[in-house]
Amino acid sequence: MKKIRKLVMASLVAMPLSTGLLKAEDKSWMTLTTSYKLQEDVSMLRFQRGTANTYGFLDIFGDSHADFESLYGEFRVKKKIGKGLMLGAEYNGGTGVQDVVRPQISYSKTLGPLFLDVKFSPLGLSVENKERQLGFYGSANFNRFGIEGWIDITKSGQKTSRMGEVELSAKLTDKISAIVRAEKYPWESKPVYSLGIKSSF
């Protein structure tokens, strides 16, 4: 419970404070997704907020009765140093996992309806180990339909792990979408599928 309170408080403080790095004209967005993992009998709430220079999400996990008991979050701040090129830092933490801070360099580009982002962290600092990470993110929207996905490749010592998600969405209204998500993490033997509803604010 102390870990949960710590992360919730950090998210409530970090996200508003991060807007101090932004110019007045920068636009922000926020979503709330409720979803259910079909194979694992797990429900999840995902809060996301982003701007031109910041991004964060907080996943809260529970059982089929929505008894939420664990969470995981990531928060990222970056500053432009060139055309599409950014320097920044990312924090990862949650219930039962080590806190990690990752200095990183990233590059993003928009090609028509497609947005691409590549990030590299040469050093991830945690209590137990140091690790490097390469991450890819992409999204595209076509009228009422959208697709987005990411993959992170992490090297810690001699061990390399890969994880990622792909999410398909269909707009039901201007602010509400139905989603189907596939995810694969190192501790899962096969992909896990979720159904959910995403609300935009």
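Right above here is the structure, for reference.
Analysis parameters
- Within each chain, residue numbers correspond to sequence positions counted from 1 in written order.
- Residue-level local features of this predicted model are given only where pLDDT is at least 70; pairs of side-chain atoms are given and counted only at 80 or more, and the full residue set underlies all totals for whole chains, interfaces and linings.
- As a rule here, side-chain values come from all non-hydrogen atoms in the structure, and water together with hydrogens is ignored.
- The way it works is that DSSP assigns letters per residue, a run of H or I at least four long becomes a helix, a run of E at least two long becomes a strand, and they are numbered from the N terminus.
- Here a residue-residue contact requires only that any non-hydrogen atoms of the pair lie within 4.5 Å.
- Any N or O atom pair separated by 3.5 Å or less is treated as a polar contact, with the protein-specific requirement of one donor-capable and one acceptor-capable atom, and with residues adjacent in sequence counted only for side-chain atom pairs.
- Centres within 6.5 Å make a pair out of two Phe, Tyr or Trp rings, where for Trp the six-membered ring is used; the pair is then stacked when the planes are under 30 degrees apart, edge-to-face when over 60, and tilted otherwise.
- Think of it in three bands: with a 1.4 Å probe and only protein chains considered, a residue is buried below 20% of the maximum accessible area for its type, exposed above 50%, and partly exposed in between.
- Two limits define a charge over a ring: the Lys NZ or Arg CZ must be within 6 Å of the ring centre, and within 35 degrees of the ring normal.
- Salt bridge, as used here, is a side-chain nitrogen of Lys or Arg placed within 4 Å of a carboxyl oxygen of Asp or Glu.

Visitor: Where do I start with the environment of Glu-148 in this structure?
Guide: Mapping Glu-148 onto the fold places it in strand S9 (residues 145-156). Glu-148 sits 20 residues away from Leu-168 along the chain, and the two C-alpha atoms are 6.8 Å apart. Beyond its immediate stretch of four places on either side in the chain, Glu-148 contacts Tyr-137, Gly-138, Ser-139, Glu-165, Val-166, Glu-167 and Lys-198. A polar atom in the side chain of Glu-148 sits 3.3 Å from the side chain of Lys-198.

Visitor: Help me understand the side chain of Ser-161 in this model?
Guide: Note on placement: Ser-161 falls in strand S10 (residues 159-171). In contact with Ser-161, not counting residues within four places along its chain, are Asp-152, Ile-153, Thr-154 and Pro-186.

Visitor: Help me understand the packing of aromatic side chains, please; the structure alone is not making it clear to me.
Guide: For any pair of aromatic rings, the description rests on two quantities: the centre-to-centre distance and the angle between the ring planes. Throughout the structure, instances matching the rule amount to 7 aromatic pairs. Considering the side-chain rings of Tyr-185 and Trp-187, the 5.0 Å spacing of their centres and the 15° angle between planes classify their relative orientation as stacked. A relative accessible area of 12% means that Tyr-185 is categorised as buried. Under the relative-accessibility criterion, Trp-187 is labelled exposed at 65%. Put simply, the rings of Trp-29, Tyr-55, Phe-57 and Tyr-72 touch in pairs and so form one group of aromatic residues. The ring of Phe-57 has Arg-46 lying over it, and the distance from NZ or CZ to the ring centre is 5.5 Å.

Visitor: What is the right way to look at the pattern of salt bridges in this model?
Guide: A side chain of one charge can pair with a side chain of the opposite charge when the charged atoms of the two come close. Counted by the stated rule, this structure contains 10 salt bridges. Among the ionic pairs, Lys-37 bridges to Glu-183, the shortest N-O distance being 2.8 Å. On the criterion of sequence distance, the pair formed by Lys-37 in strand S1 (residues 29-37) and Glu-183 in strand S11 (residues 176-184) is long-range, its members being 146 residues apart. Grouping residues by exposure puts Lys-37 and Glu-183 together as buried.

Visitor: Would you mind showing me how to read unusual backbone geometry here?
Guide: Most peptide bonds adopt trans geometry, and most residues besides glycine take a negative phi value. For Asp-41, which is not glycine, the phi dihedral falls at a positive 55°. Secondary-structure assignment places Asp-41 in the loop between S1 and strand S2 (42-50). Of note in the backbone geometry, Asn-143 takes a positive phi value of approximately 55° without being a glycine. Position of Asn-143 relative to the elements: it lies in the loop between strand S8 (130-142) and S9.

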